[in-house]
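# Descriptive analysis of the structure
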2 protein chains.
Amino acid sequence: MAASIYPDYPPELTSTQSEYLLSNVKDWSILNGLAVRPSLSFVSEEVDSSRSLAVTAPVTIFPSLFPRRCFEEARAIQTAYNELYALVARDEEWLRNIVEEIVEVDDFIAHLWDVHLAVKKEGYVQSLSLGIFRSDYMVHKDPSQPDTKPEIRQVEFNTIASSFGGLAAKVSGLHSHLLSITAYPPMNPALITKSSLPANSSIASISQGLAVAHKAYGPPKSHPSLPLCILFVVQDPENNVFDQHALASALLSNHNILTFRLPFPVTLAHTHISSGQPSRPLIYKPPHSPSTAYEVTTLYFRAGYAPTEYTSSKSWEARLHLERSAAIKCPSILTHLAGSKKIQQILATPSSLHLDRFLSSTISADLISRVRATFAAIYPLDDSKAGKYAIGIATDVGKARGYVLKPQREGGGNNIYGLKIPPFIKSLGDESKKYRSHILMELIEPPALRNSVYRNGEVTQGEVIGELGVYGVCLWQHGEEVAGPKILENWEAGYLLRTKGKDSEEGGVAAGFGAVDSVCLIDV
Amino acid sequence: MAASIYPDYPPELTSTQSEYLLSNVKDWSILNGLAVRPSLSFVSEEVDSSRSLAVTAPVTIFPSLFPRRCFEEARAIQTAYNELYALVARDEEWLRNIVEEIVEVDDFIAHLWDVHLAVKKEGYVQSLSLGIFRSDYMVHKDPSQPDTKPEIRQVEFNTIASSFGGLAAKVSGLHSHLLSITAYPPMNPALITKSSLPANSSIASISQGLAVAHKAYGPPKSHPSLPLCILFVVQDPENNVFDQHALASALLSNHNILTFRLPFPVTLAHTHISSGQPSRPLIYKPPHSPSTAYEVTTLYFRAGYAPTEYTSSKSWEARLHLERSAAIKCPSILTHLAGSKKIQQILATPSSLHLDRFLSSTISADLISRVRATFAAIYPLDDSKAGKYAIGIATDVGKARGYVLKPQREGGGNNIYGLKIPPFIKSLGDESKKYRSHILMELIEPPALRNSVYRNGEVTQGEVIGELGVYGVCLWQHGEEVAGPKILENWEAGYLLRTKGKDSEEGGVAAGFGAVDSVCLIDV
């Protein structure tokens, strides 16, 4: 689509132009904290044993062309998506039916559900739930119908640890800066203009979400009162630490809210819930100053989403400990579960009525149909009619080409594409149980664009594909009988464009390695 | 002084406290562009051939204790100092007498003066001159009079390339941040408090100075009109590039002014003055886009101050070319000359009336005496009475201990201290000409404090001494018959505290290697 309309984008650069552009990318990014800690393959531990160095986060040199109508549509439906997933997370009964179907094939989901059941048995003490979501899309245009307009198709909906919001706004800032300082050469037509580069509020909007939860928590529950804080539950080490710091910094500067970082594996060592406090405030004692205790209003999970992080029963004990506390969880266990591939598949199953069930009392039929229009066909691999149809595709080399097989669980990776699906299915043997831990999804094959990626100090250029994520913030009350509205806050919160090399044998931009990008809107 | 009052500052840290503090120093600095490109001794070219990596600029972990009255006095007299040096730079006749005395021993000064004469002969076309100054002080307390209050003594006054203003405000921000997040342990007394950490406006105030000059330049002089810009004349490569970018970024964000960086050695290749334009607008054609020309309103020299930068007659041709243009120079040749050590020495010669001559018509006698009180005794090494007295000191091992010998020329380094002075003087032979290229100055020996310096990924701690710089911005009109006031703008523009290891054999903070610091004010 875009590639064929503007084959000369991005423009060819002379070496002087290229040097000027790159030198400004390198300097602006460091000046503005658009950075990561370099990987050990770039800078060995021997050179930088104290992990002091930083490097520009992987970014594209140019903003990638993106259809304006697709971008605007994705943003316009975000609050409906936020509401949908909040309502799913509130509907324990509905979730139970689905979860029970997959617990036997997915240990991780089973464990999460057990955590929920344990807290439910004791009784939840916090009725508020915060979602910082990201709905990810690709542009899709049916190759068999060349006259149709490009549309967005949802790739996944993230309910936990939706990352890169702290960098995405900065990449928009970077590309706007490069335009301002005339680092992009004149083009005809002039595609990169102020009006084609939309503002990106991701840092301000996402941190505002955390601030709203912090405020909604209310006064301290501990006696005597302790100072309040937000805890970022993180992985350690974390190369992408500046993404998270951008949010913490905005919380401190704009909202005067103190945050601390707590590596998930040491949760139990540094937090506690006093048995004498039925309201269960979560108390954090910073290791650097254990004599000063804080009460945690909000737990922001940037860890705990991958099964590999749960290395022992202690990990599950920690998750249970956090879930039963009075802190507002971002996300709660049920919200985490709502983001499983299985839920996405059920919502997106053609002819299902779930979408109407959740949304029709508050959202217009038109908007519901626009949400539905973003679904790519997703199938279970089970004994249902749709499931049997899908297994037929997945085992047939002739049909599997246009599909992707994805595990139900969170955390990305391990997708099986096209022709690799049938041998993979075969390798599972006859155990239909194992089939059911996956879903089959129609492959969205967006037309390739060209761009240059700056990563680890090197520029590579070639064919790329982009994935648009729209952030959403939602604060809601769960439980059956809540006073007042269920949804308390709900807004769209900026966007991420993540661009990676198109899977090809020809080299160029490394396939699978994403770079943060921004959109250059075009009318197609 | 301070060291003896608060011997426990900075406090001892446990390893957990130290790790927390350092980890926040490392992360906040990169998030906020308080960075430098690492030296080749830290990261070899082999590891980072594209010079992509960055590291925290050398900073102190704690703000250094500094007497409040000294800090306030240094800031209070800055506008008087600005005016003094603006008026010195305006007084060509007065300067001529001094310069003619040293041209024969100082090639560099001679060349600068020749540039002025050449432009004077042709006629200056720009009557405005911008100074971005920095007056550097040390705290001094006469060891023989223990009951006196600490006072400031001027080390030097910089009229060209006054650096670190782009980092200094950020270090104040860093230390305030560390206080906000409770990274400093509780102390008794609580020395690090909000009220002991003054705000530092260096970035906003210095960039405002450039913006004021840009605006005062007026409309384009070229026909047809070209877009206007400010040129930063820089060294290349420059590890301290983020210091300069912080100012450029503020110019773009706060004032919508475009800046470009021009390495001094390629000045002639990328700028020109059309012979058909008697008003001599300086035209810059960016190498990355030579078809788009800009008219330069203001030349901000962050290069061209060191004799070693003038490698051939082309370098002097370039300096002349820039000086004769219509751009406002920061600084002009005469302002550059006004910052020579010789001028400082003449102003500071005990019993001289120069200070009154320049300031008494506009500045109160009280303020003049406060400026004078900051002078350390400075002597010429010539045939005058003071000069002979000084040569007596400089050649006597018994007397030289409390003095420092400094070259007249700009650029720092090459100072000869104490007992090393007599053998150095001896090595000059009998040529009194060579003596005259130096001045002798009473050594200010501030009491040592303790601090920790983070540099190249390593922390060292030990005894340190600090040097306070106060920035000043001044815009004035030169020429004999100017309409309106001579001084158009004049303000104090934030501060720098530069801290370095005390010269000692005991190791610790490397002597001579400075770190950017901020003040923690104490009442002594």
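Residues numbered from 1 in each chain as written. Chains lettered and ligands numbered in written order. Predicted model: local features only at pLDDT ≥ 70, side-chain atom pairs only at ≥ 80, totals over all residues. Heavy atoms only, no water.

## Structural notes on helix α4 (residues 78-90) of chain A
All names here are of chain A. Test applied: Secondary structure follows DSSP: runs of H or I at least 4 residues long count as helices, runs of E at least 2 residues long count as strands, and numbering of each begins at the N terminus. Multiplying 1.5 Å by the helix residue count minus one yields the expected span of that helix. The classification of residues rests on relative accessible area computed with a 1.4 Å probe and restricted to protein chains. Under 20% of the type maximum is buried, over 50% is exposed, and intermediate values are partly exposed.
With 13 residues, α4 should reach 18 Å at 1.5 Å per residue; the first-to-last C-alpha distance of 18 Å fits that figure. By the criterion of burial, α4 is predominantly enclosed, with 12 of the 13 residues buried. Among the residues making up α4, those that are buried are Q78, A80, Y81, N82, E83, L84, Y85, A86, L87, V88, A89 and R90.

## What to know about the domain arrangement of chain A
Residue and element names in this part refer to chain A. Keep this limit in mind: Source of the domain bounds: an automatic or database domain assignment. It only takes one pair of heavy atoms within 4.5 Å for two residues to be counted as in contact. Summed over both partners, the accessible surface that disappears when two parts come together, traced with a 1.4 Å probe, is what is meant by buried area. A pairing counts as a salt bridge when a side-chain nitrogen of Lys or Arg comes within 4 Å of a carboxyl oxygen of Asp or Glu.
Taken domain by domain, chain A holds domain 1 (2-376 + 444-522) and domain 2 (377-443). Taking only C-alpha atoms, the centre of domain 1 and the centre of domain 2 are 26 Å apart. Between domain 1 and domain 2, the residue contacts involve 23 residues of the former and 19 residues of the latter. A buried area of about 2,000 Å², summed over both sides, lies between domain 1 and domain 2, and 56% of it is on carbon and sulfur atoms. Inspection of the region where domain 1 meets domain 2 yields zero salt bridges. Mapped onto the side of domain 1 that touches domain 2, the elements with two or more residues apiece are α5 (92-102), β6 (151-158) and α13 (341-348). Per-element accounting of the side of domain 1 that touches domain 2 gives the leading share, five residues, to α13.

## Digging into the side chain of S202(A)
Along the chain, the position of S202(A) falls in helix α8 (residues 202-216). Each residue touching S202(A), except ones within four places of it in the same chain, is listed here: G165(A), A168(A), A169(A), Y471(A), A493(A), G494(A) and Y495(A).

## A closer look at the UniProt feature "domain: Glutathione synthase substrate-binding" (unreviewed entry) in chain A
Using the following cut-off: UniProt positions are given in the numbering used here, feature names are shortened, and annotations may be inferred rather than shown by experiment.
If you check UniProt for "domain: Glutathione synthase substrate-binding" (unreviewed entry), the listed places come out as residues 229-338 of chain A in our numbering. Between the C-alpha atoms that bound residues 229-338 of chain A there is a distance of 27 Å. The span itself is 34% helix and 24% strand.

## Focus on the packing of aromatic side chains
Describing an aromatic ring pair means giving the distance of the ring centres and the angle of the ring planes. Residue and element names in this part refer to chain A. Definition in use: Here a pair means two rings of Phe, Tyr or Trp (six-membered ring of Trp) with centres within 6.5 Å. Their orientation is stacked below 30 degrees between planes, edge-to-face above 60, and tilted elsewhere.
Applying the stated criterion to the full structure yields 38 aromatic pairs over all chains. With 5.0 Å between their ring centres and 80° between their planes, F232 and Y300 make a pair best called edge-to-face. Pair noted here: F232 is in strand β7 (residues 228-234) and Y300 is in strand β11 (residues 294-301), with a separation of 68 residues, a long-range link. Comparing F232 with Y300 shows no difference in burial state: the two are buried.

## Here we look at α5(A)
Those residues of α5(A) that sit buried are E92(A), W94(A), L95(A), R96(A), I98(A), V99(A) and I102(A). Contacts from the buried residues of α5(A) go to α4, α6 (107-122), α12 (333-338), α13 and α14 (354-359) of chain A.

## Brief notes about the interface of chain B and chain A
How we decide: Two N or O atoms form a polar contact when they lie within 3.5 Å of each other; inside protein one atom must be a possible hydrogen donor and the other a possible acceptor, and for residues adjacent in sequence the pair counts only when both atoms belong to side chains. In this count, Pro and Cys sit with the nonpolar residues alongside Ala, Val, Leu, Ile, Met, Phe, Trp and Tyr, while Asp, Glu, Lys and Arg are called charged and the others, Gly among them, polar. For two strands to be treated as a pair, DSSP must find at least two bridges joining them.
Contacts between chain B and chain A engage 40 residues on the former and 40 residues on the latter. Summed over both sides, the interface between chain B and chain A buries roughly 3,500 Å², with carbon and sulfur atoms accounting for 61% of that surface. The three residues of chain B that bury the most area against chain A are I30(B), L31(B) and H288(B), which together make up 20% of that side's buried surface. At the boundary of chain B with chain A, the tally comes to two salt bridges. Its salt-bridge partner being D27(B), residue R37(A) comes within 2.9 Å of it at the nearest N-O pair. Our count for the chain B to chain A interface comes out at 17 residue pairs in polar contact (both at pLDDT 80 or more). Of all the secondary structure elements, the ones that give two or more residues to the side of chain B that touches chain A are α2 (15-31), β2 (53-56), α7 (165-180) and α9 (241-255) of chain B. Per-element accounting of the side of chain B that touches chain A gives the leading share, seven residues, to α2(B). Among the residues forming the side of chain B that touches chain A, the class breakdown is 21 nonpolar, 13 polar and six charged. Pairing of strand β2 (residues 53-56) of chain A with β2(B), which is carried by three bridges, proceeds in the antiparallel orientation. The residue of β2(B) that forms the bridge with V55(A) is L53(B).

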